[in-house]
Amino acid sequence: MQKTDFHLKGLAMLGLFFLPLFLTHLSAQTLFELISSSKAYPVSHRGISEEQPVENSLKGMEMVLLSGIDFFEVDVRKNADGELYLLHDETLNRTTSGLGRLDSKSNSDLAGVRLKITGEPIPTFQSFLDFARNDSLWIMLDVKEPILEEVLSQTKAAGLDARSLVLTFDRKRAQEVLGIQGDFLISVLATRMEDLYFYQKLFGSRRFLAYVPKDAEISLFQAVAGEGVPILTDVMGEVDRKAIEDEGESYRDFLKERKINLLVSDNPLLLQKSVR
């Protein structure tokens, strides 16, 4: 048995303990209700741990799901045939057995390409949507290429728009998402209160989330929370690494003066254990 297989099967055993925690979230509540009523609800950024970064992998998501995490960030890109795939980088080099840009590869070119850690084919976006629908996942969509309408249309066609959060990091992108049909929840980047006031006017009565950078002043977190807008941020990098060393104390310290509703991490299981 390969070391990776042993590791992933070991993670599956954790599901025997954490599955009841996951089942408590399966309800009729909306995505906004889930987030706004939560404290540091964990989102998996790259699998279950920084030490085993199984990103944009259906096999990895299965293991994370069994461990009690049901919110996943995914990256979507398009290949030369117009097929949407899950891939973070512009190229295949880092995470797969292939080389070169995804947008230069046809479906036949990708048929034999495998993810390095799990050995599975690169997931198509449609296969991910099928997986997400069958397992009632919450979705965080990070779309960097100018394919937003295609991605959101396919998501809506799968009946998953109301379970999806769309990341935006500038005003133009937020306005673009607002113009696309669907019950998507949108996050906007708030680096100062002037950003938040702009988006409050833009969105009107439509609810949204504010992505406050993790290194922002604590006063900004407090001011945004004071406006009644749920906050999304991340602890990727230094906080995640320190949390491994101090068994989650860094997460608790980070959250002491910050009211965070949704928290993206490379160690979502450790985060969940530390703040629950």
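Being a predicted model, the structure only gives us computed values, none of them experimental.

A. View of the nonpolar core. Of all hydrophobic cores here, the largest spans 59 residues; its most connected members are Phe125, Phe128, Leu141, Val151, Leu152 and Val224. The biggest single contributor to this core is helix α5 (residues 125-134), with 5 residues. Residue contacts for phenylalanine 128: discarding those within four places in its chain leaves Leu58, Met61, Val74, Leu86 and Ile139. The next biggest cluster of nonpolar side chains, apart from the first, holds 17 residues, and it includes Phe32, Leu209, Tyr211 and Leu262.

B. Layout of unusual backbone geometry. Here serine 136, not a glycine, exhibits a phi torsion of approximately 55°, which is positive. Within the secondary structure layout, serine 136 lies in the loop between α5 and β4 (138-142).

C. A look at the packing of α5 against helix α6 (residues 148-157). In contact at an axis separation of 10 Å, α5 and α6 are set at 35° when each is read in the N-to-C sense. Judged by the twist between their axes, the crossing of α5 over α6 is right-handed. Of the residues in α6, those touching α5 at Phe125, Gln126 and Leu129 are Val151, Gln154 and Thr155. When grouped by side-chain class, the residues that make up the contact of α5 with α6 number 3 nonpolar, 3 polar and no charged.

D. Main features of helix α9 (residues 218-226). Listing the buried residues of α9 in full gives Leu220, Phe221 and Val224. Considered in projection along α9, the buried side chains sweep an arc of 100° and stay on one side of the axis. Positive phi shows up at glycine 228, right after α9, with a value of about 80°.

E. Just helix α10 (residues 238-245), in detail. Inspection of α10 places Val239, Asp240 and Ala243 among the buried residues, and these make up the whole buried set. Each buried residue of α10 lies within a common arc of 100° when the element is viewed along its axis, so the set occupies one face. Looking at the buried residues of α10, the elements they touch are α11 (249-255), β9 (262-265) and α12 (268-275). Two residues or fewer after α10 comes glutamate 247, characterised by a positive phi angle close to 60°.

Conventions adopted
Residues numbered from 1 in each chain as written. Predicted model: local features only at pLDDT ≥ 70, side-chain atom pairs only at ≥ 80, totals over all residues. Heavy atoms only, no water. Core = buried A, V, L, I, M, F, W, Y, C linked by side-chain atoms within 4.5 Å. Buried < 20%, exposed > 50% of the residue type's maximum accessible area, 1.4 Å probe, protein only. Helix = DSSP H or I, 4+ residues; strand = E, 2+ residues; numbered from the N terminus. Contact = heavy atoms within 4.5 Å. Axes fitted to C-alpha atoms, helices over the stretch in contact; angles between N-to-C directions. Left-handed = near helix turned anticlockwise from the far one by under 90°. Nonpolar A, V, L, I, M, F, W, Y, C, P; charged D, E, K, R; others polar. Arc of directions from axis to C-beta.

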